[in-house]
Every structure is written in C-alpha cells, then in structure tokens.
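Structural characterization, general
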Amino acid sequence: MSARPLLESVDRSSCYDATSSRSSDDGQTLPLDEIDRPIVEKKLLRKLDFRMAFLVLVYIMNIMDRYNVAAARLHGFEEDLGMTGNQFNTLISILYVGYLFMQAPSNMILHRMKRPSLYLSSCMVVWATITVFMGAVQTYHVALILRFFIGFMEAPFFPGAVFLLSRWYKKNELGLRTALLYCGNSISNAFGSLIASGILGSLDGTLGFSAWRWLFFVEGALTLVVAVSAIWILPDFPSTPNVWLSPDEQILAKRRMEEEVMAIEHESKPEGNFSGLVEALMDWRVWWLGVALHFMDCSQSFTMFFPTLSATMGYNTTTSLLLCAPPWILGTATSFVVARHSDATGDRFWHIVGPLLLSIIGFTIAISTMNTGMRYLSLFFMTQSPAAFVVSLTWIMNTFSQSQSKRAAAIALINVIASVGSIISPYIWPSSWGPSYTNSYIICILASITSIAMCWVFRQHLSRCNEAAEAEETVLGLPEGFRYLL
C-alpha cells in the first residue's frame, strides 16, 4: 500500500498560507487579526452547537420510527398482521434496502445544495407521514411496502447530518459533536422504550385501535412536529448566508474550514457534478472502511431486537420495555466520554477497539448462562459498542477531510456498504434460535473481531502515510503539514 498517491494529492502551497487572511462573501480579503478571533469563535461555536443540538432530537425521532416495530411486536403486531416464520425479520430488513437506494445519491445532491436544512426537513416530513400510515395497515405486504419507503426517506438524514457537521467543525471538534449526534441512537433506544411502554400500556382499545397502532400514530405525529420545526432551526453550510450569524462569525466559519482542510476546494472552482463520487469510488480506503463498518454494524444487530432480548428474562411487556432503558443510558454516557477522550488524545483506533471488546464480553456472558441477573448484566456490556461506531464516523471524516465533494460521497458510500449489514442483521436473530440466541451472539463476536482486524490494518496504512509525509517535509525543509489521525 503506497502512500505516495495520497501525499501527492495535497496542495501544500495553499495549506501554509491558510491563516494569513479571511474572505468575505463579496470576495474582499480581510486580515484575521482585525477581529478578536477567540471571542468571535467562542460565540460562533455556541450558536452552532445550539442549532446542531436539534440534529440530536431529529436523530432520536429517526431511531424511534425505525425500531418502533420491535416494541409493537410485544403487543400483538405480528399476530394482527398474520406474520409467520421470518416475515418479521424481513419487515425489519426491508427498511435498509430503501437506505441502499438513497444514501449515496442523497449526499451528492446535498453537497450541491445551498439549503440542506430545507432538504433534510422535507425528507423527515415524508417519513413521519408514512410512519403514521403504518398504524393503519391491515396486511403484512402493505406494512412491507411502507417500511421500504420509510427507509428510502430516512436514508438521507444520517449521512447528511454527519456531512453537515464536517462542514462546520474542525477535526479536533468533530469527535465530540459526532458522539452527541450518535448519542441520539442510545437515547432513543432508552427513552423510546419508556414512551412505548406508556403508549402500549395506556392506549390499548382507545377509539377502537390496538395499542401498537397508537404507537405508530403518536410517534409519527411527534416526528412531524419536529420536522416542521427543523426547517427554521437546522443550519445551512458556512458558504450560505445565515441570518443567525454576524458578518464576522460568517467569515470566520468559512475561514476555519479553509484552515482545516488546507487544500480546500473553493466554491468557485469548476468541478463536475460527480467528480467527488468518482474519486470516492476509486479510493480503496472507502471500500475498506465500508466493509469494516459493515461487520461492526452486524455486531450491533442486537439493537434491533433489544426489547426481545429483554423479554427473554421472563418479565411482562411493560417491565421488559422499562428494563431496556438503563443499559442504553449507560451506553449514551460511555459514547460521550469515549468520543471526548478520543478528541483530546487524537487517537481513533484504540477508542474503537475498547467498546467492541466490552461488547464481546457481553456476548460471552449471554452465551454462558440463562441466569436472569447475568443476562441483564450482559446487556449493559453490549450497549457499549455504539461508542465504537461514533469514533469510526469521526475517523472517516478526518481521513477524507481535504475535499468536500469527495468527503460527501465517501460518507454516503461507506454508510451504504455498512447498511448492507443492517439488511442481513435481522436474519441473525430468528425466533427459532431463542430464547438463548447462542448462535446469534457467536456471529456478533466474529463480526466484532473482523471489524477490529480491518481497523488495525487501516491504522497501519495511515501510519505509513504520516511517516512518508514527515520524511518528505524533512528533505524539502517544509513546515509540518497534514497528518492523518490514528
């Protein structure tokens, strides 16, 4: 694996002059020291964090609408729609088929847009409406079609949100923000179960509808409210005028990204509509990381069936859903701490390995016993693994930070490849393997080990690239330039 092609793609002449000036929207160049940068930057980040926090709420609703069928399953969903065999597994899997069709094209569209807030909010409105319709389905096949289109319209959100973060934050700021975004996953799994238990326990028979139908009605309506609000709250790109930023903050936001990527593609630079997609497709690292995250996604397939795994301890529906919350609350805290420490140390690989090893311990405990206490303990270990996915996403953005169009395509393609794991994952947990699910846990362990091995190979490659860059700078007498985070 030669490092030369990667190094030669960096335009060093621009990266060492990045801090010398700033540009306004009308092309005027002003020195950065005309403003008190630390004060302006602090205000900028405060405003930006407030608006980006709304992405977390959107993601919480995204996960609730994605996994609410798992809670509905505990209250007659399968029986009312006459499902048999692996039909429920197919119902979960089909959502991610929709993801495959939309993720990569969506990010390429998003990169060319000036109003990502409007685009992402519109997608959200559509999937929220379809979720409400899920509460009215009468047959399995109609539910299958609606789930496909929910996935199709949900697909733009997560890779789009990650790309939006990468257009505003520097690499030493991304880890924490990505963690906060992805914490929406764990928060949704925790409190989504609490909300589901309340709806299923109190609305059964109201207006003649089963409780699981109310679950879709209520959660879809909540998502719709959040979607409409997002139109005015979500930020657009730094290059788009934002009324919530002062002129100095707007200019500094653009300059921060120029300093960060060093060889940034200027908006005025002509480029083909699909140049970034072609570059991403030709880069082996995109495929390698995609497969690594594919296995990581398979290892975390237990999240789709968490209420089912909780129910194997023998409690009733309401108690089983309530017991889902504590493990995910701990998992949320872990993701935050791990991502923050990863940013502080500049390390990615070991902050991916640690959470995956903890999840392997959880899988092993679940395999070894049917004791109620020990199996519940195993769930706490399993919910540590999403922290690895958080750091992996940050690593991807750091690695492909020098080209905005390529970064957009790379994030989307890697998510597409990882989503294949989500299509396969539901079949790892057939009902016939329960209640112990030993075979399922063994598959998750093997997937975790494979993902760790692939990340280690990737780390070794980046380390050689950094060594080659350092050697070149020493020979040519250049100051220190771009380095990959390991």
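These numbers were taken from a predicted model, which means no experiment stands behind them.

What counts and how
Residues numbered from 1 in each chain as written. Predicted model: local features only at pLDDT ≥ 70, side-chain atom pairs only at ≥ 80, totals over all residues. Heavy atoms only, no water. Helix = DSSP H or I, 4+ residues; strand = E, 2+ residues; numbered from the N terminus. Buried < 20%, exposed > 50% of the residue type's maximum accessible area, 1.4 Å probe, protein only. Contact = heavy atoms within 4.5 Å. Areas by Shrake-Rupley, 256 points an atom, 1.4 Å probe, with all protein chains shown as cover. Patch = residues over 30% accessible without salt bridge, like charges linked within 9 Å, V, L, I, M, F, W, Y side chains within 5 Å. Salt bridge = Lys/Arg side-chain N within 4 Å of Asp/Glu carboxyl O. Core = buried A, V, L, I, M, F, W, Y, C linked by side-chain atoms within 4.5 Å. Polar contact = N/O pair within 3.5 Å; in protein donor to acceptor, adjacent residues only side chain to side chain. Axes fitted to C-alpha atoms, helices over the stretch in contact; angles between N-to-C directions. Parallel < 35°, antiparallel > 145°, perpendicular 65-115°, else oblique. Nonpolar A, V, L, I, M, F, W, Y, C, P; charged D, E, K, R; others polar. pLDDT = per-residue confidence, 0-100. Expected span 1.5 Å × (residues − 1). Left-handed = near helix turned anticlockwise from the far one by under 90°.

**A short note on the overall build of the chain**
- When its secondary structure is counted, the chain shows 21 helices and two strands.
- Looking at the 486 residues of the chain, the share that counts as buried comes to 60%.
- Considering only residue pairs separated by 6 or more positions, the chain has 81% of its internal contacts joining residues 24 or more positions apart.
- Total accessible area on the chain is roughly 18600 Å²; 66% of this is exposed by carbon and sulfur atoms.

**Observations regarding a nonpolar patch on the surface**
- There is a patch of nonpolar side chains on the surface, built from Val278, Leu281, Met282 and Trp287 and spanning about 430 Å² of accessible area.
- The element contributing the most residues to the nonpolar patch is helix H12 (residues 275-282), with three residues.
- Checked against the element boundaries, Met282 lands in helix H12.

**Side note on the environment of Asn398**
- With respect to the helices, strands and loops of the structure, Asn398 is situated in helix H19 (residues 386-399).
- Through-space distance from the C-alpha of Asn398 to that of Gly175 is 9.5 Å; in sequence the pair is 223 residues apart.
- Ignoring sequence-local partners within four residues, the contact set of Asn398 consists of Lys171, Leu174, Arg348, Phe482 and Leu485.

**Concerning the nonpolar core**
- Leu55, Phe77, Met134, Phe158, Trp168 and Trp429 are the most contacted members of the largest nonpolar core, which has 142 residues in total.
- The element best represented in this core is helix H3 (residues 37-73), accounting for 17 residues.

**A few points about the side chain of His351**
- Position of His351 among the secondary structure elements: in helix H17 (residues 349-368).
- Take His351: its relative accessible area is 12%, and that puts it in the buried class.
- Reaching out from His351, the side chain makes a polar contact with the side chain of His341 at a distance of 2.7 Å.
- Looking at His351, its side chain comes within polar contact range of the side chain of Asp347, at 2.7 Å.
- Excluding residues within four positions of it along the chain, His351 makes contact with Val338, His341, Ser342, Thr345, Ala388 and Val391.

**Notes on the packing of helix H13 (residues 284-299) against H19**
- One can describe the packing of H13 onto H19 by two numbers: an axis separation of 11 Å at closest approach and a directional angle of 175°. Taken together, the axes of H13 and H19 are roughly antiparallel relative to one another. Counted together, Arg285, Leu289, Leu293 and Met296 of H13 and Ala388, Phe389, Ser392, Leu393, Ile396 and Thr399 of H19 form the full contact between these two elements.
- Tallied by class, the residues present in the contact of H13 with H19 amount to seven nonpolar, two polar and one charged.

**A look at the confidence of the model for the chain**
- Across the chain, pLDDT averages 83, with 89% of residues at or above 70.
- Of all the helices and strands in the chain, helix H1 (residues 4-8) carries the lowest mean pLDDT, 32, while H17 carries the highest, 95.
- Here residues 1-30 is a poorly scored stretch, pLDDT under 50, and it has 61 contacts once near neighbours within four places are set aside; other chains count.
- Low confidence marks residues 263-271, where pLDDT is under 50. Its contacts with residues over four positions away, or in another chain, come to 18 contacts.

**Things to note about H19**
- Taking 1.5 Å per residue, 14 residues should reach 20 Å; H19 reaches 20 Å between its end C-alpha atoms and fits that length.
- A large share of H19 lies buried, amounting to 14 of its 14 residues.

**A word on the pattern of salt bridges**
- In the structure shown here, the tally under the stated rule is twelve salt bridges.
- Note that Glu41 is salt-bridged to Arg37, the shortest N-O span being 3.6 Å. Residue Glu41 and its partner Arg37 are located together in helix H3, separated by four residues, close to a single helical turn. The exposure classification of Glu41 matches that of Arg37, with both residues buried.
- The closest approach of N and O atoms between Arg177 and Asp49, which form a salt bridge, is 2.9 Å.

**Points about unusual backbone geometry**
- Here the bond from Gly434 into Pro435 is cis, since omega is 0°, no more than 30 degrees from zero.
- For Pro435, the position within the fold is in the loop between helix H20 (404-424) and helix H21 (438-476).
- Even without a glycine there, the phi angle at Leu207 is positive, about 55°.
- Given a relative accessible area of 70%, Leu207 falls into the exposed group.

**Overview of the packing of helix H16 (residues 325-345) against H19**
- Viewed as axis vectors pointing N to C, H16 and H19 meet at an angle of 35°, and their least axial separation amounts to 8 Å. As H16 runs across H19, the sense of the crossing is right-handed. Side by side, H16 and H19 meet where Trp328, Thr334, Ser335, Val338, Ala339 and Ser342 of the first sit next to Pro386, Ala387, Val390 and Val391 of the second.
- Of the residues in the contact of H16 with H19, the class split is seven nonpolar, three polar and no charged.

**Here we look at the environment of Leu281**
- Relative to the helices and strands, Leu281 resides in helix H12.
- In sequence terms Leu281 and Ala410 are 129 residues apart; their C-alpha atoms lie 8.0 Å from each other.
- Excluding residues that lie within four positions of it along the chain, Leu281 makes contacts with Trp287 and Leu413.

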